[in-house]
Each structure stands twice: as C-alpha cells, then as structure tokens.
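# Structural overview for review
Each chain is listed here by its residues.
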Amino acid sequence: MSVAVRGRSARGWGLAAMLLLAVAACRESADDPAKPAAEPVAAVQAMALRLAEDDLVGYAKLSVPPSQYQRLQQAWTEGHSQWPLTELPLGDQLLPMLSALREPDAGSRLQRSFDRQLAGQASAVRQAAQSMGNFGVQYLQHQKGYTPSQQAHYVQLVQTLALWAQGAPISDRARARSTISALVGAAGKVGFGDEEGLRAAGMEGSLQQLAPFIHTLKAVLASYGLGVDEALRSVQGELLSVQGDNALVRMTYELAGSTLTLQLPLSRREGHWYLTR
C-alpha cells in the first residue's frame, strides 16, 4: 500500500470531519432563524441548522454575541482573524484546497493523479481506510487535552468515517471524474483563492462566496454515501445541567449508519446561549 494512497484516503474522511466536528446538528425550528435561542439545546440546533442550509453568515451570527461579532468582522478586515473558518477542523486546509482546484488545468491534473494513485484500487483503499482508522483511534486514545466526552466522540467519529471509507466507491474512476469536475467548477466561482482575497472580501462576503462551495462539497460526500446534511438534521438533544450561566447538553446524531454522541458546554452571554469557546 503506497503512502500516497493512505494520504488521499485520509483526506477523504478528513473533509467529512471538517464539516461534522464544528457542531453536532439540528432540527427545524419555528423561531426566527436569525435570533439567538433562549435555551441551550435550541441554541445548538439553531447553529447547526444554519450549517445544514449552507448559511455560513447565519451560523456566524448565532455563534457569538453581536458585540463580539462586530469585533471579529473588524479583525478579519485587518487581517488578524479568519473566524469562523478557524473553528473548523482542517479549516487551515480550505484555502490550499481552493487554490489547487483553481489552478489552470486543475481538472485534468487531478484526474491524472487519481488515475495513478487510486483508480481501480478498491482493495488498497479499503486497507488504507482501515489502517488510518486504527491509527486515528490509537492517537486519540493517547492524546492529552481532551475531556473524556470529547475523546469518546472523536473515537466514534474516526471509527465511523473509517468504516464508511472502506465501503465507499472512492476508487471508482467515473465517479471521481464527476467529483473533480464539480469541485473544480465550484471553486472557480469563489472570488478568491488566497488570504489577501479572503481579507479583501470581508468576513460576510467571504462566507457568502464559500457557501456554494461547501454545498458542493457536501453533495460530493453524499454521492459517496456520507450524508452530512442528513446527519445535521438527525440530532436529538438533552439538557444535562445548568449552573448559573453555564450549561451542558448531550447531542446524538446519525452518521453513515452509526449513532454518535457528544457533550457540548454552553455559556449564557448577553441573555442568550452560545457554545463555550
């Protein structure tokens, strides 16, 4: 099994993790989607609904109090912040990915690379996915700095994504051609490909331009059997505790046939609940 095969397989489920580790998920709410929720579980659901509907600006506005949101906008313009992109696992890979997809002849180049490394190698891909899953679990089990709940959730997530990757048609050449074409086309519609362009577009402008690309990325994952939006909409929440302005909720959601659980701390700020950061 080549290192290149392992690396590409890891990126396959890594992209899924980028979208899923930000928050758990949600259900529809009859409340104003732009208004912060008054209850902890509803606050998580409202933020996740914005992600499921590709509303990155709406997600950002629900993630922090208005006064902090304005400061973050200014910090973005001054080049000091790329929040909320920096909240996403692998968020630092978003611009390099966009840059690669926007290069001249990116489609042909990526297809040739796929043909050399992955086309028709279903067995190698399955082995790579299994190996990366085992490695990821071992890494997380020995990694310091996670709470027991965080560690348990990340282990569940890695195991689920590794199992999905073992059965997904990742080595299918025709499907890869369609995937590459879709991603290259979506990346080409984003008005920037580097940090300077990101800063010039402003926080909200950048998020608005990135939303269709994220939508395409999720559609690609769905075509391989990983329904991100379905997972986002499947969550169930339970309030575990409230102590003053601090709360703890437990969320469960369905992903690739598995039920995953995580706990999230929230803080009440300016009368509304936000994820504790």
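Our structure is the block above this text.
Everything in this summary refers to the structure shown in the same document. Bear in mind the structure is a predicted one, so any value in this text is a computation, not a measurement.

### Let's talk about the overall build of the chain
When helices and strands are counted, the chain shows 12 helices and four strands. Each of the 277 residues in the chain was classed as buried or not, and the buried ones make up 44%. Within the chain, contacts between residues at least 6 apart in sequence are counted, and of these 67% link residues at least 24 apart. With the model as given, the accessible surface of the chain reaches about 13500 Å², and the carbon-plus-sulfur share is 50%.

### What to know about the packing of aromatic side chains
Summed over the entire model, instances satisfying the criterion amount to two aromatic pairs. Ring plane angle 25 degrees and centroid distance 6.5 Å describe the contact between phenylalanine 135 and tyrosine 139, whose orientation is recorded as stacked. With phenylalanine 135 and tyrosine 139 both in helix H7 (residues 122-142) and four residues apart, this pair spans about one turn of that helix. Seen from their ring centres, tyrosine 146 and tyrosine 154 are 5.2 Å apart, and the 80 degrees between their planes marks the pair as edge-to-face. Residue classification places tyrosine 154 among the partly exposed positions, given a relative accessible area of 21%. Sitting over the face of the ring of tyrosine 224, arginine 175 holds its NZ or CZ atom 5.6 Å from the ring centroid.

### Topic: the sheet that holds strand S2 (residues 246-255)
With respect to topology, four strands assemble into an open sheet ordered S1-S2-S3-S4, the strand pairing being antiparallel. Of all strands in the sheet, those bounded by a partner on one side alone are strand S1 (236-243) and strand S4 (272-275). Across this sheet, the average inter-strand angle for adjacent strands is 30 degrees, counted without regard to direction. Relative to strand S3 (residues 258-269), S2 runs antiparallel, the two sharing 10 bridges. Bridge pairing links leucine 255 to serine 258 in S3. The sheet contacts of helix H2 (residues 40-52) involve S1, S2, S3 and S4, and relative to S2 the element is tilted by about 45 degrees.

### Focus: the side chain of serine 63
If you trace the backbone, serine 63 turns up in helix H3 (residues 56-63). Overall, serine 63 belongs to the buried group, its relative accessible area being 0%. Serine 63 has contacts with Met47, Trp83, Tyr274 and Arg277, leaving out every residue within four places of it along the chain.

### Some details on the pattern of salt bridges
Side chains that carry opposite charge are capable of pairing whenever their charged atoms lie near each other. In this structure the tally under the stated criterion is 10 salt bridges. Here arginine 50 and glutamate 53 are joined by a salt bridge, their closest N and O atoms 2.7 Å apart. The class for arginine 50 is buried, based on a relative accessible area of 6%. In this structure, glutamate 204 and lysine 61 form a salt bridge, with 3.9 Å as the shortest nitrogen-oxygen distance. Taken together, the positions of glutamate 204 in helix H11 (residues 203-223) and lysine 61 in helix H3 put the pair 143 residues apart, joining distant regions of the chain. Assessed through its relative accessible area of 42%, lysine 61 is described here as partly exposed. Overlapping salt bridges bring together Arg50, Glu53 and Asp55 as one network.

### So, the nonpolar core
Grouped together as the largest cluster of nonpolar side chains are 65 residues, with contacts concentrated most on Leu98 and Phe213. Examining the composition of this core, we find that nine residues originate from one element, H11, more than from any other. If near-sequence neighbours (up to four positions away) are discounted, leucine 98 is found in contact with Ala187, Val190, Phe192, Leu210 and Phe213.

### Thoughts on the environment of glutamate 196
Tracing the sequence through the fold places glutamate 196 in helix H10 (residues 195-201). On the basis of relative accessible area, glutamate 196 is assigned to the exposed category, the value being 57%. When the C-alpha positions of glutamate 196 and glycine 79 are compared, they lie 8.4 Å apart, and in sequence the two are 117 residues distant.

### Remarks on unusual backbone geometry
Residue proline 84 follows tryptophan 83 across a cis peptide bond; omega there is 10 degrees. Within the secondary structure layout, proline 84 lies in the loop between helix H4 (66-77) and helix H5 (94-101). Positive phi values are uncommon outside glycine, yet aspartate 105 reaches one of about 60 degrees. As for its placement among the helices and strands, aspartate 105 is situated in the loop between H5 and helix H6 (106-117). Phi at alanine 256 is positive, roughly 50 degrees, even though this residue is not glycine. Locating alanine 256 in the fold gives a position in the loop between S2 and S3. Here alanine 256 falls in the partly exposed class, since its relative accessible area comes to 41%.

Criteria and cut-off values
- Residues numbered from 1 in each chain as written.
- Predicted model: local features only at pLDDT ≥ 70, side-chain atom pairs only at ≥ 80, totals over all residues.
- Heavy atoms only, no water.
- Helix = DSSP H or I, 4+ residues; strand = E, 2+ residues; numbered from the N terminus.
- Buried < 20%, exposed > 50% of the residue type's maximum accessible area, 1.4 Å probe, protein only.
- Contact = heavy atoms within 4.5 Å.
- Areas by Shrake-Rupley, 256 points an atom, 1.4 Å probe, with all protein chains shown as cover.
- Phe/Tyr/Trp six-rings, centres within 6.5 Å; stacked < 30°, edge-to-face > 60°.
- Lys NZ or Arg CZ within 6 Å of the ring centre and 35° of its normal.
- Pairing = 2+ DSSP bridges.
- Axes fitted to C-alpha atoms, helices over the stretch in contact; angles between N-to-C directions.
- Salt bridge = Lys/Arg side-chain N within 4 Å of Asp/Glu carboxyl O.
- Core = buried A, V, L, I, M, F, W, Y, C linked by side-chain atoms within 4.5 Å.

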